[in-house]
Amino acid sequence: MSESKRVTGNSEAAFLKARQVMPGGVSSPVRAYKAVGGRPLFIKEAVGCIVTDLDDNEYIDYVGSYGPMIVGHANERVVAALSKAIGRGTSYGAPTEAETQLAGTIVSALPAVEMVRFVNSGTEAAMSAIRLARAVTGRDLIVKCIGCYHGHVDGLLVEAGSGALTLGTPSSPGIPASITASTLIVPYNDLNAAKELFAQYGDKIACFAVEPIAGNMGLVIPAPGYLAGLRELCTQFGALLLFDEVMTGFRVAWGGAQVRYGVEPDLTCLGKVIGGGLPVGAYGARREIMERVSPAGPVYQAGTLSGNPLAMNAGIATLDILQEPGAYEQLEATSAKLIAGFATAATESNVPVALNRVGSMLGLFFVREQGQPVTNFTEATACDPKAFATFFHAMLDGGVYLAPSPYEALFVSLAHDDAAIEATIKAARGAFAVVAESRN
Ligand code: KE4
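So, a few notes on the structure that sits alongside this text. Fair warning: this is a prediction, and the values are worked out from it, not measured in the lab.

For the rest of this paragraph, the subject is the sheet that holds strand β3 (residues 58-61). Two pairing modes exist for strands in a sheet, parallel and antiparallel, and in both the strands are linked by backbone hydrogen bonds. An order of β1-β2-β3-β16 is seen for the four strands of this open sheet, with the pairing classed as mixed. With partners counted over all chains shown, the strands left at the sheet margins are β1 (43-47) and β16 (400-401), one partner each. When β3 meets β16, the two strands line up parallel, connected through two bridges. The residue of β16 that forms the bridge with Ile 60 is Val 400.

All right, on to the environment of Pro 222 then. Of note, Pro 222 is situated in the loop between β10 (205-210) and α7 (226-237). Spatially, the C-alpha atoms of Pro 222 and Ile 130 are 22 Å apart, while their sequence positions differ by 92 residues. For Pro 222, the contacting residues outside a window of four places in its chain are Tyr 188, Asn 189, Pro 212, Ile 213, Leu 227 and Tyr 261.

Formed by 44 residues in total, the largest nonpolar core has its most connected members in Tyr 62, Phe 366, Phe 391, Met 395 and Phe 432. Those elements that place two or more of their residues in this core are β3, α11 (327-348), β15 (361-365), α13 (385-397), β16 and α14 (418-439). Among the elements that take part in this core, α14 stands out by supplying 10 residues, more than any other. Excluding residues that lie within four positions of it along the chain, Phe 366 makes contacts with Val 351, Pro 352, Val 353, Cys 383, Asp 384, Ala 387, Phe 388, Phe 391, Phe 432, Val 435 and Arg 439. Residues Leu 184, Tyr 188, Leu 241 and Val 374 belong to the second largest nonpolar core, which totals 33 residues.

Right, let's get into the packing of aromatic side chains. In this structure the tally under the stated criterion is 10 aromatic pairs. Seen from their ring centres, Tyr 59 and Tyr 401 are 6.1 Å apart, and the 40° between their planes marks the pair as tilted. With Tyr 59 in strand β3 and Tyr 401 in strand β16, this residue pair connects regions lying 342 residues apart in the sequence. Both residues of the pair, Tyr 59 and Tyr 401, count as buried.

All chains considered together, the criterion is met by 15 salt bridges. Asp 266 is the salt-bridge partner of Arg 286, the closest N and O atoms lying 2.9 Å from each other. Highlighted residues: Arg 286 in the loop between β13 (281-285) and α9 (287-290) and Asp 266 in the loop between α8 (256-260) and β12 (267-271), separated in sequence by 20 residues. Arg 287 is the partner of Glu 291 in a salt bridge, and the nearest nitrogen-oxygen pair spans 4.0 Å. Looking at Glu 291, the relative accessible area reads 39%, which means it is partly exposed. Taken together, the shared-partner salt bridges in this structure form one network comprising Arg 231, Asp 266, Arg 286 and Glu 288.

Parameters at a glance
Residues numbered from 1 in each chain as written. Predicted model: local features only at pLDDT ≥ 70, side-chain atom pairs only at ≥ 80, totals over all residues. Heavy atoms only, no water. Pairing = 2+ DSSP bridges. Helix = DSSP H or I, 4+ residues; strand = E, 2+ residues; numbered from the N terminus. Contact = heavy atoms within 4.5 Å. Core = buried A, V, L, I, M, F, W, Y, C linked by side-chain atoms within 4.5 Å. Buried < 20%, exposed > 50% of the residue type's maximum accessible area, 1.4 Å probe, protein only. Phe/Tyr/Trp six-rings, centres within 6.5 Å; stacked < 30°, edge-to-face > 60°. Salt bridge = Lys/Arg side-chain N within 4 Å of Asp/Glu carboxyl O.

Structure representation (structure tokens):
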């Protein structure tokens, strides 16, 4: 890997200090660069599609805070909305019209959602939706797919034991086996495995939770008929289908993956984009399901900062921008141009890659042989992590900021203009050449 030419002394000093007072020096594990090596850059500001580190190095950003920043960083309309809101106080612990407004927009956009409850993270949304599913069905078992991530709630931090169909085993210390014993796991995109699981446990399953487009094993696209097949199985066995659209909601279409693929879940989780970069989550469903949630019904869930005015107003401003004619067409066109540029650049250096894209979410995998698809966790983890790490650092040297893990997606925003895309493709040509060289 070429020695970095960038000066990063201030980030390194900041990282040393951070590690004295925060585990790993970060507030979320992926940010620590464990998967790619090296030390994390500390960011001091971000405007449009550019992030700037403590040493004033600028990068074209494809992390986008892992999804929320779809209209770009410090978008003037979002900043204006926040500046107006902040002058009226930051949190009241009382209902506000902004919550009703944002809830109304979500309900009008998502066919499967008639009511919504705001929380403060995607984890909280998933945790609460699972509780609601168990209450509504009176059943305990939940199902998740290997490689999908729904936040760090105990019952969903499970990993494959032996065999394809298995009871989950905790993927972190501190989680009692008694909790994960109620979690079943199956491979993503494997409808037969799901059918077998329902045949065995169907009448005990409260819900099947799935990322309709998987964005936490890199980007993996649902196989044709997969989501519709899950819909049928859940209906047949009386289980609730939970689409975790924390990442895909308002990202891959105005109505999220459920509109893009025309499959209606029973429960939907949201986050990221709907908060415009402020802490937010939400879960929603048909009225008869949501009216079971306290205080309308008995299923308890609460939150001090849920629906806070800042997140609501940032979300409203963000969705207003997305609702403008041409917004999603622009995201599609820019993302298509980027992925075509990656494909050409990889071919030039004879580096085999699998490139997945849905809307403005992209996945880049260093497969062993050109043409190998990546359709599930096994195939994603069979890719070359060392090549990704080399590519990641070479892209940083080229002024492009990717997520520091092969199991994240790339996110394009409305702020990524032609110049940014051209510059990214140029950096990628150099980075793929560095990967090819590292293999010789
Ligand atoms: P949060 O609790 O991090 O707000 O959301 C959890 C979550 C739930 N569902 C899906 C589909 C998600 O992608 C996430 C969080 N995504 C990760 C990115 N892979 C957040 C980045 C991080 O963990 O730092």
